Amino acid sequence: MIAIPILAQDTPHLFLNGELKDVKVIIKNSSTLVPLRFSSEELNADVKWDKLTQEITITKGSDTILFQLGSITYSHNGIIKELLIAPELIAGVTYVPFRSLVEALNGVVFYNNDHKFINIYDVNSKAYDVYNSLNSTDVTTKRFALLESPRLSRNTLVNPDVKYYIFPLESPSSDYFFEYQGDWKTNAIISLNRYSLVDGIAVNVWGRQINQETSFPDATHLLLKLIGDDLKKINMSLVFGQTLQI
């Protein structure tokens, strides 16, 4: 699982089926626009552009969406609907409203302004199955879904290849987990991060790192010291009773 650093930015990160996409998103009048190529390259749809009429025809399976540059109305399978903002040409690139496009192609859209990301699922994808598993009443199913969810991270890990996880005991209702590095038995914890699940994305909301060579003779386990006094009373368990290395 790759943790994607959270950077200060004006436009949101864009996830599609669990993967971060390198797509330039434009926010205009509180609406979000994506390049037309996003339709063909990422949503696996067929796109046709009529230069004379400036009409954009997007087809996928039995769905056909017809946009026109400068028009706030569009057609979805022959039904006329209205957009909040019209498709337009920006710096030589055609941009279309992403939510209307994705939902017309049977996709699910989550827009999280607090954490600056857009999360899109194809309902037939494995990633959407993982998302639905987050609501499972089975502890094992839900915990693996938490770990399989895409992540936004605020912290640079000392060694991104070595990770262990701790889950709260108030399962399976809890939507957060701790990720740590180090040796639990010897108290040699290198880093600790807390991830909270938000709209299908595991967002790093808290983290600590320490010197790898530091010794901690204190009887209180370092892990709890890193969490802090206010959280010491949280009941936690190792994954399935033991550490799990991914």
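Residues numbered from 1 in each chain as written. Predicted model: local features only at pLDDT ≥ 70, side-chain atom pairs only at ≥ 80, totals over all residues. Heavy atoms only, no water.

Caption draft 1: Region of interest: unusual backbone geometry. One non-glycine residue, Asn17, lies in positive phi territory at about 50°. Considering the arrangement of structural elements, one finds Asn17 in the loop between strand E2 (13–16) and strand E3 (19–20). (Helix = DSSP H or I, 4+ residues; strand = E, 2+ residues; numbered from the N terminus.)

Caption draft 2: Spatial organisation of the nonpolar core. Within the largest apolar cluster, 25 residues are counted, with the highest numbers of intra-cluster contacts made by Phe38, Ile58, Phe67 and Ile120. Mapped by element, the contributors of at least two residues to this core are E2, strand E7 (55–60), strand E8 (63–68), helix H2 (98–104) and strand E14 (117–122). Ranked by the residues each element gives to this core, the list is headed by H2, at 4 residues. Dropping the residues within four chain positions of it, Ile120 is found in contact with Leu14, Phe15, Leu16, Asn17, Phe38, Phe98, Val102, Val108 and Val109. (Core = buried A, V, L, I, M, F, W, Y, C linked by side-chain atoms within 4.5 Å. Buried < 20%, exposed > 50% of the residue type's maximum accessible area, 1.4 Å probe, protein only. Contact = heavy atoms within 4.5 Å.)

Caption draft 3: Spatial organisation of the confidence of the model for the protein chain. On average, residues of the protein chain carry a pLDDT of 79, and 74% of them reach 70 or more. In the model, residues 215–219 has pLDDT below 50 throughout and makes 6 contacts with residues more than four positions away in sequence or in other chains. (pLDDT = per-residue confidence, 0-100.)

Caption draft 4: The sheet that holds strand E11 (residues 88–90), seen in detail. The antiparallel open sheet is built from 4 strands, whose spatial order is E4-E5-E12-E11. Every other strand in the sheet has two partners, leaving strand E4 (26–28) and E11 as the edge strands with one partner each. Neighbour-to-neighbour, the strand axes of this sheet turn through a mean angle of 40°, independent of strand direction. Relative to strand E5 (residues 31–35), E4 is paired through 3 bridges, and the arrangement is antiparallel. For Lys28, the partnering residue across the bridge sits in E5 and is Ser31. (Pairing = 2+ DSSP bridges. Axes fitted to C-alpha atoms, helices over the stretch in contact; angles between N-to-C directions.)

Caption draft 5: Geometry of the sheet that holds strand E13 (residues 107–112). Within the open sheet, the 4 strands sit side by side as E3-E2-E14-E13. Their pairing is mixed. A single partner strand is all that each edge strand has here, and the edge strands are E3 and E13. As paired strands, E2 and E14 are joined by 4 bridges and run parallel to one another. The residue bridging Leu14 from the neighbouring strand is Ile118, located in E14. Sheet contacts for helix H3 (residues 126–133): E13 and E14; angle to E14, the most-contacted strand, approximately 110°.

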